[in-house]
Amino acid sequence: MVRAVPERDAACAIAQAAAVVGDWWSLLLVRETARGHHRFDALQEELGISRKVLTERLAHLVEVEILEKVPYQSGPVRYEYRLTESGLGLLPVLLSMQDWADRWLLGDGSLSGTADEESAEARRVADLPGERLPRLELPGHRDGDPIDPVAEATATVLFCYPATCRPGPLPDGWADIPGAIGCTLENRLFRDAYDDFRAAGAEVRGVSTQRPDEQRVFAVEEGIPFTLLSDVDLRLAAALRLPVFRAGQTLRLKRAVLVVDRERAVRLARFPVTDIPGAVREALAVVRRVAAESRAARQSHP
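Residues numbered from 1 in each chain as written. Predicted model: local features only at pLDDT ≥ 70, side-chain atom pairs only at ≥ 80, totals over all residues. Heavy atoms only, no water.

A. Representation of the overall build of the chain. Along the backbone of the chain there are 12 helices and 11 strands. For 302 residues, the compact-globule estimate of 2.2 N^0.38 gives 19 Å, and the chain sits close to it at 20 Å. Overall, the chain is about 60 × 55 × 40 Å in size when its C-alpha atoms are taken along their principal axes. Looking at the 302 residues of the chain, the share that counts as buried comes to 48%. Distance from the positive charge centre (39 side chains) to the negative charge centre (45 side chains) of the chain: 3 Å. (Helix = DSSP H or I, 4+ residues; strand = E, 2+ residues; numbered from the N terminus. Rg over C-alpha atoms; globule rule 2.2 N^0.38 Å. Buried < 20%, exposed > 50% of the residue type's maximum accessible area, 1.4 Å probe, protein only. Lys, Arg positive; Asp, Glu negative; His and termini not counted. Charge placed at Lys NZ, Arg CZ, Asp CG, Glu CD.)

B. Layout of the packing of helix α2 (residues 24-34) against helix α3 (residues 40-47). At their nearest, the axes of α2 and α3 sit 11 Å apart, and the two run at 115 degrees to each other. Here the hand of the crossing between α2 and α3 comes out right-handed. For the pair α2 and α3, contact is made by Trp25, Leu28, Leu29, Arg31, Glu32 and Thr33 and by Leu43, Glu46 and Leu47, respectively. Here the residues of the contact of α2 with α3 are counted per class, giving five nonpolar, one polar and three charged. (Axes fitted to C-alpha atoms, helices over the stretch in contact; angles between N-to-C directions. Left-handed = near helix turned anticlockwise from the far one by under 90°. Contact = heavy atoms within 4.5 Å. Nonpolar A, V, L, I, M, F, W, Y, C, P; charged D, E, K, R; others polar.)

C. Representation of the packing of aromatic side chains. Summed over all chains, the structure comprises seven aromatic pairs. Judged by centre distance (5.8 Å) and plane angle (55 degrees), the ring pair of Tyr194 and Phe226 falls under tilted. Of this pair, Tyr194 sits in helix α9 (residues 194-199) while Phe226 sits in the loop between α10 (212-222) and β7 (227-230), placing them 32 residues apart in sequence. One aromatic cluster is present, built from ring pairs that chain together Phe159, Tyr161, Phe190, Tyr194, Phe197 and Phe226. Sitting above the plane of the Tyr72 ring, Arg39 keeps its charged end 3.6 Å from the centroid. (Phe/Tyr/Trp six-rings, centres within 6.5 Å; stacked < 30°, edge-to-face > 60°. Lys NZ or Arg CZ within 6 Å of the ring centre and 35° of its normal.)

D. Looking closely at the nonpolar core. Grouped together as the largest cluster of nonpolar side chains are 49 residues, with contacts concentrated most on Leu58, Leu83, Leu91, Leu128, Leu133, Val207 and Leu242. Here the element with the most residues in this core is helix α11 (residues 235-240); it accounts for five residues. With residues up to four places along the chain from it excluded, the contact list for Val207 reads Leu138, Leu158, Phe159, Cys160, Tyr161, Leu229, Asp231, Leu236 and Leu253. Grouped together as the second largest cluster of nonpolar side chains are 29 residues, Val157, Ala202, Leu228 and Val290 included. (Core = buried A, V, L, I, M, F, W, Y, C linked by side-chain atoms within 4.5 Å.)

E. Representation of a nonpolar patch on the surface in the model. A grouping of Trp100, Trp104, Leu105 and Leu106 is seen on the molecular surface, where their side chains present a nonpolar patch of about 500 Å² in accessible area. In this fold, Trp104 is placed in helix α6 (residues 91-105). Judged by relative accessible area, Trp104 falls into the partly exposed class, the value being 47%. (Patch = residues over 30% accessible without salt bridge, like charges linked within 9 Å, V, L, I, M, F, W, Y side chains within 5 Å. Areas by Shrake-Rupley, 256 points an atom, 1.4 Å probe, with all protein chains shown as cover. Salt bridge = Lys/Arg side-chain N within 4 Å of Asp/Glu carboxyl O.)

F. Highlighting the pairing of strand β9 (residues 250-253). When strand β8 (residues 244-247) meets β9, the two strands line up antiparallel, connected through four bridges. Its bridge partner being in β9, Arg246 is matched across the sheet by Leu251. (Pairing = 2+ DSSP bridges.)

G. Examining the sheet that holds strand β11 (residues 266-270) more closely. The five strands lie next to each other as β7-β6-β5-β10-β11, forming an open sheet whose pairing is mixed. The open sheet is flanked by β7 and β11, the only strands paired with a single partner. Strand after strand, the sheet turns through a mean of 20 degrees between neighbouring axes, direction not considered. Sheet topology places strand β5 (residues 155-160) next to strand β10 (residues 256-261); six bridges connect them, and they run antiparallel. Residue pairing across strands places Leu158 opposite Leu258, the latter belonging to β10. Here helix α8 (residues 183-192) sits on the sheet and contacts β5, β6 (202-208), β7 and β10; the angle it forms with β5, its principal contact strand, is near 160 degrees.

H. Expanded view of the pairing of strand β1 (residues 67-73). Across six bridges, the pairing between β1 and strand β2 (residues 78-83) is antiparallel. Paired with Leu67 across the strands is Leu83, a residue of β2. As consecutive antiparallel partners, β1 and β2 are separated by four residues, and within that stretch Gly75 has a phi angle of approximately 65 degrees, a positive value.

I. Representation of the pattern of salt bridges within the structure. With the rule as written, the count across this model stands at 25 salt bridges. Ionic pairing is found between Arg264 and Asp148, a salt bridge with its closest N-O pair at 2.9 Å. With Arg264 in the loop between β10 and β11 and Asp148 in the loop between β4 (146-147) and β5, this pair connects stretches of sequence that are 116 residues apart. With a shortest N-O distance of 2.7 Å, Glu282 and Arg270 are connected by a salt bridge. Note that Glu282 is positioned in helix α12 (residues 276-300) and Arg270 in strand β11, a separation of 12 residues in sequence. Judged by relative accessible area, which is 31%, Arg270 ranks as partly exposed.

J. Molecular detail of the environment of Asp41. Inspection of the secondary structure puts Asp41 in helix α3. Judged by its relative accessible area of 53%, Asp41 is exposed. Placed 223 residues apart in sequence, Asp41 and Arg264 show a C-alpha to C-alpha distance of 21 Å.

Right, here's the structure in full:
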């Protein structure tokens, strides 16, 4: 299964990595497990792969410790496949590949923090409603402790943004990247509407790839009442295949707004976001609709 590395490339880490994961199905299996598909039948359905090839590739990824087998039932014992720490370390590689393909294969090659409404990125996000966000944790800005992005609330608003200008300078030419600016405004608008979201039974969380300590400085200066989550390891981005772009040698989340219900199902996925105030209003309207549906369900099943 593992391609032999020629002696001339024995010290080349790129060649060594390609020998382990430089295979179409292996990379797609890492993608699917990051998206929350862990069982054999679910993986086969998502990928349209033969049982024989799937069995071989899963055995290979377990052997090289990218995946681990975790029992989920006994009698007979059945296993699901979870990413190891080594496997999670591949997520930035996958997102870099996604960014490269979105820009150079599916796009026109221009650097952008947004996308056309007819783009492949927009179509991927438009397909998210109905999907469930897998269990994962991201560091919160207050103390860096891991937090589930989905709050104990009727609904959770997750708004993704590239980066704020504090505490440090942004990369040169940031203002010239379409869709990059406006992150402070977006945080302020959600801050100002936070009481309305809470009154509707929802929680709000901002997400960027900035470090928690950087987010903390901004949150204190701006009086942000909700938690900012750091997707510095790109786990949320990989789980939902969120659009990203590279600036300052860092992958940044493109601006998107999601509403996720208590059962972790995506109810709203807005991308691109060209009207930030309008996106805040839309998220609030969806939250109120989810809350009304939840009340109706409780009344019909007391």
